[in-house]
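Structure at a glance
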Protein chains: 2
Amino acid sequence: MSHTTTDYAERIRAQGYRLTPQRQMILDAICELGGHVTPEVIYERVRGRAPAVNRATVYRNLDFLCEVRLVVAAHIGRHTVYEIAGAQPHHHLICRQCGAVIQLGHEAVQGFFAQIAQQQAFQVDMDHLTLFGLCPGCRPAPSRSRAR
Amino acid sequence: MSHTTTDYAERIRAQGYRLTPQRQMILDAICELGGHVTPEVIYERVRGRAPAVNRATVYRNLDFLCEVRLVVAAHIGRHTVYEIAGAQPHHHLICRQCGAVIQLGHEAVQGFFAQIAQQQAFQVDMDHLTLFGLCPGCRPAPSRSRAR
DNA sequence: AATACTCATGCAACTCTTTGCAAGAGCAAA
DNA sequence: TTTGCTCTTGCAAAGAGTTGCATGAGTATT
């Protein structure tokens, strides 16, 4: 929506870095593949178009893009996945049982962060929280007595 | 405190598994090394005593010990770290700037989890949350106007 | 005590990820 | 345009983490 290629370039260059063709392709790949992509999937995609691009370049640039906040990383289980940083930070609820991924708006966590800021004087600054648990479908019925 | 070797053994065997010497040594290593240890550090420690123990065994058992909830894993940055699961789940605030690690009791997050349960019907079930941000020392003074 | 069964381990090969280094490319100043 | 500087990349090697398979070890049953 609000981000164009020029935006990216400017945002990167403003910090003294460059938007190289490789970085462009990596960003494109993440965009096209949608959320939650692993480095390897991104690498395959990029390599499909430019076979010369090195694996190390992909890894290095994913780090880089996170640093300049164009991309956010999330740790889901043992894998690291990436996605384009939206205008609004958002979060995920992931069901341990069925694997469902539920989006969660930033409003839902802001209160919590504010509370920590107040109680601990610690300013939480996360644009991508991943919470595990049981989704409505997999959750045991709450009314009955709980078996162990 | 409340956990003895026998406790471990029983808890493992109750589920049909075994407390092998390797598992014992891995648990010991995590205990002695304190919180937030990487697999590699654990491996080195274990290997110092029993050189025959294989790296794969360490990784497999860390997974296993998490599964039986004797150990909890946390993802800090790009690394996975492990620690003994205390009687009470607890969480961490980690400063992006200075790397300080601040413990956070479970009470501090319970309200948040309850809120999500209510709003999303999603039952969050995490015994080890890791939140990044700025610690009191590194946090910019809040009274001044904020530079961009 | 012998047998059958399942859990665990070590080994080896493989994949994923990181790092050091030399070469390449863009920008800025002269 | 030439020079110098820093950012980037590819390459190669090393390190970290995973997986399949055959062997070894513990438990329970007969």
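**Considering the protein's contact with DNA strand C**
- Taken together, 22 residues lie around DNA strand C, and A:A56, B:Y17, B:T20, B:Q22 and B:T57 are the ones closest in.
- For the surface near DNA strand C, the class distribution of residues is seven nonpolar, seven polar and eight charged.

**A short note on the pairing of strand 2 (residues 79-84) of chain A**
Residue and element names in this part refer to chain A.
- Bridging between strand 1 (residues 71-76) and strand 2 involves six bridges; their strand directions are antiparallel. Bridging across to strand 2, A73 finds its partner in Y82.
- The turn linking strand 1 back onto strand 2 is made up of two residues, and G77 within it adopts a positive phi angle of 60°.

**Details of the domain arrangement of chain A**
Residues and elements named next belong to chain A.
- Annotation of chain A at the domain level lists domain 1 (5-84) and domain 2 (90-133).
- Computed over C-alpha atoms, the centres of domain 1 and domain 2 are 24 Å apart.
- Listed per partner, the contact involves four residues of domain 1 and five residues of domain 2.
- For the side of domain 1 that touches domain 2, the residue count by class is three nonpolar, one polar and no charged.

**Here's the deal with the protein's contact with DNA strand D**
- Taken together, 22 residues surround DNA strand D, and among them A:Y17, A:T20, A:Q22, A:T57 and B:A56 come closest.
- Where the surface near DNA strand D is concerned, the elements lending two or more residues are helix 2 (21-33) and helix 4 (55-67) of chain A together with helix 3 (39-49) and helix 4 (55-67) of chain B.
- Counted by class, the surface near DNA strand D contains seven nonpolar, seven polar and eight charged residues.

**A word on the sheet that holds strand 3 (residues 90-95) of chain A**
- Pairing is mixed in the open sheet, where four strands are placed in the order 4(A)-3(A)-6(A)-5(B). Whereas interior strands pair on both sides, the edge strands pair on one side only; in this sheet they are strand 4 (101-105) of chain A together with strand 5 (123-124) of chain B.

**Some points on the packing of helix 2 (residues 21-33) of chain B against helix 4 of chain B**
Residues and elements named next belong to chain B.
- Contact geometry of helix 2 with helix 4 gives a least axis separation of 10 Å together with a crossing angle of 75°. As the angle between them shows, helix 2 and helix 4 are arranged roughly perpendicular. Residues Q22, R23 and I26 of helix 2 touch helix 4, and the partners they reach there are T57, V58 and N61.
- Residue composition of the contact of helix 2 with helix 4, by class: two nonpolar, three polar and one charged.

**Details of the relation of the copies chain A and chain B**
- Once chain A is rotated about the relating axis by 179° and shifted along it by 0.0 Å, it coincides with chain B to within an RMSD of 0.2 Å. What we have between these two chains is a two-fold relation. Scanning chain A for the C-alpha nearest the rotation axis identifies A:F112, at a separation of 3.0 Å.
- When the interface residues of chain A are mapped onto chain B, 96% of them are again interface residues, pointing to one common binding face.

**Brief notes about the sheet that holds strand 4 (residues 101-105) of chain B**
- The sheet built from four strands is open, its strands ordered 5(A)-6(B)-3(B)-4(B) with mixed pairing. With one partner strand each, in any of the chains shown, strand 5 (123-124) of chain A together with strand 4 of chain B form the two edges of the open sheet.
- Across four bridges, strand 3 (residues 90-95) of chain B lies against strand 6 (residues 130-134) of chain B in parallel orientation. Bridge pairing links B:C95 to B:G133 in strand 6 of chain B.

**Describing helix 3 (residues 39-49) of chain A**
Residues and elements named next belong to chain A.
- Those residues of helix 3 that fall on the buried side of the exposure criterion are I42, Y43 and V46. The buried residues of helix 3 occupy one face: seen down the axis, they fall within an arc of 100°. In helix 3, the exposed positions that point more than 90 degrees away from the buried face belong to E40 and G48.

**Some remarks on the interface of chain A and chain B**
- Across the contact, 23 residues belong to chain A and 23 residues belong to chain B.
- The set of elements that each furnish at least two residues to the side of chain A that touches chain B consists of helix 5 (107-120), strand 5 and strand 6 (130-134) of chain A.
- Here the side of chain A that touches chain B is built from residues that sort into 14 nonpolar, six polar and three charged.
- Strand direction decides the pairing type here: strand 5 of chain A and strand 6 of chain B, joined by two bridges, are antiparallel. Looking across to strand 6 of chain B, one finds that A:Q123 is bridged to B:L134.

**A few points about the packing of helix 2 of chain A against helix 3 of chain A**
All names here are of chain A.
- Their axes nearest at 9 Å, the elements helix 2 and helix 3 cross at an angle of 115°. As helix 2 runs across helix 3, the sense of the crossing is right-handed. Contacts from M25, I26, A29, I30 and L33 of helix 2 reach helix 3 at V41, I42, R45, V46 and R49.

**Observations regarding the confidence of the model for chain A**
All names here are of chain A.
- Summing up the model confidence of chain A, the mean pLDDT is 84 and the portion of residues at 70 or higher is 89%.
- Within chain A, helix 1 (residues 5-13) has the poorest average pLDDT of any element, 76, and helix 4 the best, 95.
- Confidence over residues 142-148 falls short of pLDDT 50; this stretch has zero contacts with residues more than four positions distant or in other chains.

What counts as what
- Residues numbered from 1 in each chain as written.
- Chains lettered and ligands numbered in written order.
- Predicted model: local features only at pLDDT ≥ 70, side-chain atom pairs only at ≥ 80, totals over all residues.
- Near = placed C-beta within 6 Å.
- Nonpolar A, V, L, I, M, F, W, Y, C, P; charged D, E, K, R; others polar.
- Pairing = 2+ DSSP bridges.
- Helix = DSSP H or I, 4+ residues; strand = E, 2+ residues; numbered from the N terminus.
- Domains from an automatic or database assignment.
- Contact = placed C-beta atoms within 7 Å.
- Axes fitted to C-alpha atoms, helices over the stretch in contact; angles between N-to-C directions.
- Parallel < 35°, antiparallel > 145°, perpendicular 65-115°, else oblique.
- Least-squares fit on C-alpha atoms with pLDDT ≥ 70 in both.
- Buried ≥ 20, exposed ≤ 12 C-beta atoms within 10 Å, placed from the backbone.
- Arc of directions from axis to C-beta.
- Left-handed = near helix turned anticlockwise from the far one by under 90°.
- pLDDT = per-residue confidence, 0-100.

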